[in-house]
Amino acid sequence: MKKLVFVPLAAAALLFIGQSVFAQGNLPQFGKDPIKDIIKHMTLEDKVKIVVGKGFSLPGLDMGSNDKTPDKIFAVSGHTIPIARFGIPSVSMADGPSGIHRWAMTAKDSANNAYSTAWPVGTLLASSWDTTLIRRVGVAFGEEIKAYGIDFILGPGANIHRNPLGGRNFEYYSEDPLISGSSAAAIINGIQSQGVGATLKHFAANNQETNRNSVNEIISERALREIYLRNFEIAVKRSQPWTIMSSYNLINGTYTSESNDLITKILRDDWGFKGFVMTDWFGGKDAVAQLQAGNNLLMPGSPAQIKAITEAVKSGKLSEAVLDKNVEGILNVLLKTLTGKGYDYPDKADLKAHAEVARTAAAESMVLLKNAGNTLPMQSEVSVALFGTHGYDLITGGTGSGDVNKPYAISLAEGLAHAGYKVDKLLENSYRDYLKDYAAKHPKKAMLQEIMNPTPFAPEYKVDGGSAAQKADATDVAIVYIGRNAGEGNDRKMDGDYELTAQETDMINQVTEAFHAKHKPVIAVLNIGGVIDVTTFRDKVDAILLAWEPGEEGGNAITDVLSGKVNPSGKLATTFPAAYSDVPSAKNFPGKEFPEKATMSMIGRSVPAEVTYQEGIYVGYRYYNTFKVKPAYEFGYGLSYTNFSYSKLTLSSPAFSEKLTVSVTITNIGSKAGKEVAELYLSAPKGKLDKPSEELKGFAKTKLLKPGESQTLTFTLDAKALASFNTAQSAWVADAGEYKVTIGASSENIKLAKSFKLVKTIIVEKDHKALAPTVNIDELKSNN
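In what follows, the accompanying structure is described. (Residues numbered from 1 in each chain as written. Predicted model: local features only at pLDDT ≥ 70, side-chain atom pairs only at ≥ 80, totals over all residues. Heavy atoms only, no water.)

### Points about the pairing of strand β23 (residues 659–668)
Strand residues, when the strand is regular, have side chains that alternate between the two faces of the sheet.
Next up, step 1: In terms of burial, β23 is a largely internal element, 8 of the 10 residues being buried.
Next up, step 2: Across 6 bridges, the pairing between strand β22 (residues 644–651) and β23 is antiparallel. Looking at β23, one finds that Tyr 646 is bridged to Ile 666.
Next up, step 3: Pairing geometry for β23 and strand β26 (residues 710–718), over 9 bridges, is antiparallel. Across the sheet, Thr 661 pairs through a bridge with Thr 716, a residue of β26. (Buried < 20%, exposed > 50% of the residue type's maximum accessible area, 1.4 Å probe, protein only. Helix = DSSP H or I, 4+ residues; strand = E, 2+ residues; numbered from the N terminus. Pairing = 2+ DSSP bridges.)

### What about the nonpolar core?
Next up, step 1: Counting residues in each nonpolar core, the largest one holds 157 residues, and the members touching the most others are Met 378, Phe 387, Leu 526, Phe 537, Leu 562 and Phe 576.
Next up, step 2: Phe 387 has contacts with Leu 427, Tyr 431, Val 463, Lys 471, Ala 478, Ile 479, Val 480, Tyr 481, Met 507, Val 511 and Phe 515, leaving out every residue within four places of it along the chain.
Next up, step 3: The next biggest cluster of nonpolar side chains, apart from the first, holds 45 residues, and it includes Met 42, Leu 44, Leu 154 and Ala 287. (Core = buried A, V, L, I, M, F, W, Y, C linked by side-chain atoms within 4.5 Å. Contact = heavy atoms within 4.5 Å.)

### A few points about the side chain of Arg 168
Next up, step 1: By the secondary structure assignment, Arg 168 is in the loop between β5 (152–153) and α7 (177–192).
Next up, step 2: Within polar-contact distance, the side chain of Arg 168 engages the side chain of Glu 171 at 2.8 Å.
Next up, step 3: Ignoring sequence-local partners within four residues, the contact set of Arg 168 consists of Lys 201, His 202, Glu 209, Arg 212, Ser 401, Gly 487 and Glu 488. (Polar contact = N/O pair within 3.5 Å; in protein donor to acceptor, adjacent residues only side chain to side chain.)

### Examining the packing of α7 against helix α9 (residues 230–239)
Next up, step 1: Where α7 meets α9, the axes come as close as 8 Å, and the angle between the chain directions of the two elements is 30°. In the packing of α7 onto α9, the handedness of the crossing is right-handed. From α7, Pro 177, Leu 178, Ser 180, Gly 181, Ser 182, Ala 184, Ala 185, Ile 188, Asn 189 and Gln 192 reach across to α9, where they touch Arg 230, Asn 231, Ile 234, Ala 235, Arg 238 and Ser 239. (Axes fitted to C-alpha atoms, helices over the stretch in contact; angles between N-to-C directions. Left-handed = near helix turned anticlockwise from the far one by under 90°.)

### Considerations on the pairing of strand β21 (residues 609–612)
Next up, step 1: Only one face of β21 is buried: it carries Ala 609 and Val 611, and the other face, with Glu 610 and Thr 612, is open.
Next up, step 2: Direction of pairing for strand β7 (residues 215–218) relative to β21: parallel, over a ladder of 4 bridges. Bridging from a neighbouring strand, Asn 216 pairs with Glu 610 of β21.
Next up, step 3: Two elements, strand β18 (residues 592–593) and β21, share 2 bridges in a ladder whose sense is antiparallel. For Glu 593, the partnering residue across the bridge sits in β21 and is Ala 609.

### Observations concerning the packing of aromatic side chains
Next up, step 1: Applying the stated rule across the entire model yields 25 aromatic pairs.
Next up, step 2: Residues Phe 152 and Trp 242 carry aromatic rings whose centres are separated by 6.1 Å and whose planes lie at 80° to one another, so their mutual orientation is edge-to-face. Pair noted here: Phe 152 is in strand β5 and Trp 242 is in the loop between α9 and β8 (243–246), with a separation of 90 residues, a long-range link. Comparing Phe 152 with Trp 242 shows no difference in burial state: the two are buried.
Next up, step 3: Considering the side-chain rings of Tyr 621 and Phe 635, the 4.4 Å spacing of their centres and the 20° angle between planes classify their relative orientation as stacked. Of the two residues, Tyr 621 is situated in helix α22 (residues 621–626) and Phe 635 in the loop between α22 and β22; the sequence distance between them amounts to 14 residues. Each of the two residues, Tyr 621 as well as Phe 635, counts as buried. (Phe/Tyr/Trp six-rings, centres within 6.5 Å; stacked < 30°, edge-to-face > 60°.)

### Some details on the sheet that holds strand β29 (residues 737–744)
Next up, step 1: The 4 strands are arranged β25-β24-β29-β30 in an open sheet whose pairing can be described as antiparallel. The open sheet has two edge strands with one neighbour each: β25 (695–701) and β30 (750–758). The sheet shows a mean angle of 20° between the axes of neighbouring strands, taken without regard to direction.
Next up, step 2: Judged from the 8 bridges that link them, β29 and β30 form a sheet pairing that is antiparallel. Across the sheet, the residue bridging to Glu 738 is Lys 757, located in β30.

### Things to note about the sheet that holds strand β11 (residues 276–278)
Sheet strands pair by backbone hydrogen bonding; their relative direction is either parallel or antiparallel.
Next up, step 1: Spatial strand order, β3-β4-β5-β6-β8-β11: 6 strands in an open sheet with mixed pairing. Edge positions in the sheet fall to β3 (78–79) and β11, since each of these pairs with one other strand and no more.
Next up, step 2: As judged from the 2 bridges shared by β3 and strand β4 (residues 92–94), these two strands associate in the antiparallel manner. Bridge pairing links Gly 78 to Met 93 in β4.
Next up, step 3: Contacting β6 (197–203) and β8, α9 crosses the sheet at an angle of about 165° to β6.

### A short note on the pattern of salt bridges
Pairs may arise between side chains of opposite charge once their charged atoms sit close together.
Next up, step 1: Enumeration according to the criterion identifies 45 salt bridges in this entry.
Next up, step 2: The shortest N-O distance in the salt bridge between Asp 176 and Arg 622 comes to 2.9 Å. Of the two residues, Asp 176 is situated in the loop between β5 and α7 and Arg 622 in helix α22; the sequence distance between them amounts to 446 residues. Across this residue pair, the class does not change: Asp 176 and Arg 622 are buried.
Next up, step 3: Across the salt bridge formed by Glu 695 and Lys 697, the nearest N and O atoms sit 4.0 Å from each other.
Next up, step 4: We classify Glu 695 as buried; its relative accessible area is 11%. (Salt bridge = Lys/Arg side-chain N within 4 Å of Asp/Glu carboxyl O.)

### Regarding unusual backbone geometry
Next up, step 1: Backbone torsion omega between Asp 95 and Gly 96 reads 10°, so that peptide bond is classified as cis.
Next up, step 2: Within the fold, Gly 96 resides in the loop between β4 and α4 (107–111).
Next up, step 3: A cis amide bond links Phe 589 with the next residue in sequence, Pro 590, at an omega value of 0°.
Next up, step 4: Along the polypeptide, Pro 590 turns up in the loop between α21 (554–563) and β18.
Next up, step 5: Despite not being glycine, Lys 648 shows a phi value in the positive range, around 55°.
Next up, step 6: In this structure Lys 648 comes out as exposed when scored by relative accessible area, which is 64%.
Next up, step 7: A positive phi angle, near 70°, is found at Glu 658, a position not held by glycine.
Next up, step 8: Along the chain, Glu 658 turns up in the loop between β22 and β23.
Next up, step 9: Looking at Glu 658, the relative accessible area reads 70%, which means it is exposed.

### Side note on α9
Next up, step 1: The buried fraction of α9 amounts to 7 of the 10 residues, a majority that puts the element mostly inside the structure.
Next up, step 2: If you check which residues of α9 are buried, you get Asn 231, Phe 232, Glu 233, Ile 234, Ala 235, Val 236 and Ser 239.
Next up, step 3: Downstream of α9 by a residue or two, Gln 240 has a phi angle that is positive, lying close to 45°.

### Quick look at the environment of Met 278
Next up, step 1: Along the chain, the position of Met 278 falls in strand β11.
Next up, step 2: Along the backbone, Met 278 and Pro 300 are 22 residues apart, and their C-alpha atoms lie at a distance of 9.3 Å.
Next up, step 3: With near-sequence residues (within four places) excluded, Met 278 lies in contact with Met 93, Leu 154, Thr 199, Thr 243, Ile 244, Met 245, Ser 246, Asn 295, Leu 297 and Met 299.

### Describing the environment of Ser 315
Next up, step 1: Position of Ser 315 relative to the elements: it lies in helix α12 (residues 303–315).
Next up, step 2: Residue classification places Ser 315 among the exposed residues on the basis of a relative accessible area of 56%.
Next up, step 3: There is a polar contact of 3.4 Å between the side chain of Ser 315 and the backbone nitrogen of Lys 317.

See below:
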């Protein structure tokens, strides 16, 4: 006999009304009804379609499709699956961090000028040390993303420059987590101010491309918290990106996309992240484990993942409540998207205005490494002999997903001509003929092959002594131009990449000998995506300008600096070592392989690998300064065409209590208007933990100061700025004792110093115990 249940009349009426409202044919609708109500009415099939992307298909290539509805945006990296009966749209996702990347463009796109601005790469933007400028780039970038109807841009990348051979260092900002996190937050805030979503990536410790899908990164909890996660923590807390992309690699034995420690305990519980997490494309192995970890969305999505999740729910291996939570996280963010709001996008961007922003940002970020005898700025209308193939063929940015469908690329030869400089035409014609011939003999490969294994650049054009001597007679100044590129899928090499090629060395030798014999200057311009060995040529040339990869307006921006139209104010956000062997990770990068365990997957051969971060927290300047290893150019270094003085260093109190304010006055004591970056470093007292000699805890850039003009800059130190991560306590702890504040023009060029005391040890923040390595790590210690 069935048990009778009596429901009060009012409640019964409400229940009846609710069931009637959401009867078949009148389901709750996306954007109108609560997300939880929609989820309640979804079938298992509906829910699984929300957490797995549409699949990866491009013109002539289909790697498995989960849905046959037309893509909203042609040839971008991914889409989600729509569910029409709930009004849930398909949203679009496009690479990349330095401009919109499409895998192909239609004839209509080209005819409509539907190109995308190639912005300066992350390493160059970070070299500005100017978060206001970076945010301005983000706003313009966001305007463009919105104009083309794209819902999410798959950037920025914020990983640490652990090693100079990292293939995607150009995408990333710095060796320092404060610079990296601050830069990422600035561009995210700019992008998202336009109502489109940014995707912070690659979370976490994606510091190499070699075996990126299979490498197990063995890292101590402290090194993770202080270096490789701190950058992401800063970005999340300051900008709340709509999405975060998990990385390919494993950390301490677990794929990041399958790590509950990383994605739930740290990202959501410790840091308060409010968006959703997506995998990198084809990242991880176990779809069920990814959802259990809190990795909401699996991209680009495959039929096998849909099947695995469906079967796991039916068998009880995956709780439907866990699936619901992942669905809810995605749908809550989709409500904010352009598509979710029904935005009718123009499909046309203000490329001219954005080009001006790109040019300004590039010029304001370039770093003057050397300027002997005030070689720069160049006098107007001097004649120039430009040597180096990339002086005529600009490298705007990296390869792979970091490439951009740009409308043009201004070479230095063009930039110099635009500014009225006379570029030697016979030399220019020789280079252009050489490049044209090389391109004809080395056609581009098929699309995916070209992305993962780009056609090499033309070798450096051979310059003979007679030609160099002739140009030394005919022109006023020589520029030797060095180009380097890198990108997704491969790390850089020592021979001919980190080091100069034999042809480049010969070119520099021939040119410097010829021009110096005539008492004429030689300037080196470095259009590079990663650090190179500068020690073999820096003493031969008179000036060196580091342009990194400056985006489409590169040639104009470089000329702006060479001419003095823009006074250089960039500073290095990554160290240039004197020798690669000095790099603290040189002995274990990129780790060891286990080829006998190799397997095949849909993205190729996968070789298990392992790398141990034995350097611990001693990355970049933290190592060089603490262990007194002299680099070629130190972190924070950069010259100007004017000079600055530092004075009036003031602390708000001799003792720390909750926070401390630091101020310093910067004065332009030179003859040209310019900007200066002031860098605040903090040295902690000896305690139970081994600590670097100093760490960057603040930075600020002045406005454009006229000669004689001053500006006071102010910094605020909170308790976390004093703290180190104590693994035994799973807490950030600030030790009692004396702290030394130093203000410098670089990490070595310290101008002023003062101290304050912390009377009592403080436990600043208690965090989850997470990501503990399963093996012992013999970490580097300073023994200070």
